[in-house]
Amino acid sequence: MADLHPIQVFFSSHHPLASRVQADFSGSAGDTVRVAIEAPQDLVQDSETNSLHTGFATIVLDSIMGGAVMGSLEKLVPIATVGLSVSHLRRPVSGETIHGKATCVSVYNSLAYVTGELRDENEEPVAIATGTFMIGTRATSIRDRSEESRI
Amino acid sequence: MSATPAETWFAVSPTDDPDCWKITFQEHHLGNPLIRSIHGGVVGSLIEHTAEKALDRALAEKSRSAKLELTTSAIDYLRVTKDSDLYARGSVMRIARRVAFMDVVCWQDSEDLPVARGACTLRILEE
C-alpha cells in the first residue's frame, strides 16, 4: 500500500465506513484528488424520491478533503478537521455516480485550507465545500487524555 | 413513522428532549479506527439532521407545514470524539419566510464539553 494515495488507502481498505460505499480513486495531481462514488442505498433519506441524506455529501467531502491534505504532505502525520462548510445544492439519488474533487489550496501555520466539490455525471454541482484541517495532531486516543485538546 | 435507510445507518433517533437527537455509536461511524474517533462527516450529519428536525418542530408550533431542505452547514470541530454515543441540540436563530437559521451543539459525555457546533441554513418550501 506504500505507493497508494492516502485517500486511495481509505476507500480501498477495510475501513469500517469507507468499505460501505463503492468508491473508485480516479487520480491525483499535485494537491488535488478525484474520486467517483456510487450514491449508496444505505443513505437514502427520502424513500419516495430515493434521494440521499445530506450526510452523504458531508462524509464524502470531509474524507476527500482530508485526503487532499494528506496527499500534499511530504511526510504523513495525523490531521484533524477544524472546520467544514458545505453547501448542498441538490440531493443525489441512490445508484447515481458522483464525482468528487478536493484541492488543498494552501498550508499556513500548520492549517491546511481546502476546497471540495461533488458533481453529477452531467458535471452539475451537487455540493461545494471549504474546510480547514490542522496538521500534526496528536494521534493518541482521547481515552488517554480526556481533558486535552487535540487541535 | 419508520426509520429511513439513512436514519438506520446513522442509528439516529430522538431523545426525551424534543430538541435533542442522538446517534447510537456503530463501528462503521469510525473515522480514525486507530484512535477510535467518529468520522467528522458523521458528526456533521447529526448536526444537519438535528437542525432539520428542530426546525420542523419549531414550524409545527407555529402551525406552519413546509418541506425543508438543508442548504448550508458550517461546522466547527471543537474536540476529538471517541467511540461512544453522540448527542445534538438544535435551536432556532431566526425563522424567516423562505429560509431559517439554526444553531446546533453536539456532545458526547456532557453538554458542557461540546465536540462540535454547527450553523445551518435551511430552505423553507411551503406546502
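Our structure's up above, just so we're on the same page.
Residues numbered from 1 in each chain as written. Chains lettered and ligands numbered in written order. Predicted model: local features only at pLDDT ≥ 70, side-chain atom pairs only at ≥ 80, totals over all residues. Heavy atoms only, no water.

## A word on the packing of aromatic side chains
Residue and element names in this part refer to chain B. Summed over the entire model, instances satisfying the criterion amount to two aromatic pairs over all chains. For the ring pair Trp9 and Phe10, a centre distance of 5.1 Å and an interplane angle of 85° mean the geometry is edge-to-face. On the accessibility criterion, Trp9 (6% relative accessible area) is buried. Ring centres 6.0 Å apart and planes at 20° place the aromatic pair Tyr87 and Trp107 in the stacked group. (Phe/Tyr/Trp six-rings, centres within 6.5 Å; stacked < 30°, edge-to-face > 60°. Buried < 20%, exposed > 50% of the residue type's maximum accessible area, 1.4 Å probe, protein only.)

## Some words on the interface of chain A and chain B
Taken together, the contact between chain A and chain B spans 35 residues of the former and 36 residues of the latter. For the pair chain A and chain B, the summed buried area comes to about 3000 Å², and 54% of that belongs to carbon and sulfur atoms. Linking chain A with chain B are zero salt bridges. The interface formed by chain A and chain B contains 16 residue pairs in polar contact (both at pLDDT 80 or more). Those elements that place two or more of their residues in the side of chain A that touches chain B are strand 3 (44–46), helix 2 (54–72) and strand 5 (79–88) of chain A. The dominant element in the side of chain A that touches chain B, judged by the number of residues it contributes, is strand 5 of chain A, at eight residues. A breakdown of the residues in the side of chain A that touches chain B according to their chemical character gives twelve nonpolar, 16 polar and seven charged. Relative to strand 5 (residues 66–77) of chain B, strand 5 of chain A runs antiparallel, the two sharing five bridges. Counterpart to Ser85 of chain A in the pairing with strand 5 of chain B is Ala74 of chain B. (Contact = heavy atoms within 4.5 Å. Buried area = accessible area lost by both parts, 1.4 Å probe. Salt bridge = Lys/Arg side-chain N within 4 Å of Asp/Glu carboxyl O. Polar contact = N/O pair within 3.5 Å; in protein donor to acceptor, adjacent residues only side chain to side chain. Helix = DSSP H or I, 4+ residues; strand = E, 2+ residues; numbered from the N terminus. Nonpolar A, V, L, I, M, F, W, Y, C, P; charged D, E, K, R; others polar. Pairing = 2+ DSSP bridges.)

## Points about the environment of Ala112 of chain A
Residue and element names in this part refer to chain A. Mapped onto the elements, Ala112 comes out in strand 7 (residues 111–119). Distance in space between the C-alpha atoms of Ala112 and Glu48 is 40 Å, their sequence separation being 64 residues. Beyond its immediate stretch of four places on either side in the chain, Ala112 contacts Val69, Cys104, Ser106, Val107, Gly131, Thr132, Phe133 and Ile135.

## Some remarks on the pattern of salt bridges
One pass over the full model with this rule turns up 15 salt bridges over all chains. The closest approach of N and O atoms between Glu96 of chain A and Arg90 of chain A, which form a salt bridge, is 2.4 Å. We note a salt bridge from Glu111 of chain B to Arg89 of chain B, for which the minimum N-O separation is 2.7 Å. Remark: Arg89 of chain B occurs in strand 6 (residues 86–95) and Glu111 of chain B occurs in the loop between strand 7 (99–107) and strand 8 (114–126); sequence separation between them is 22 residues. Within the structure, one salt-bridge network assembled from shared partners comprises Arg90, Glu96 and Asp120 of chain A.

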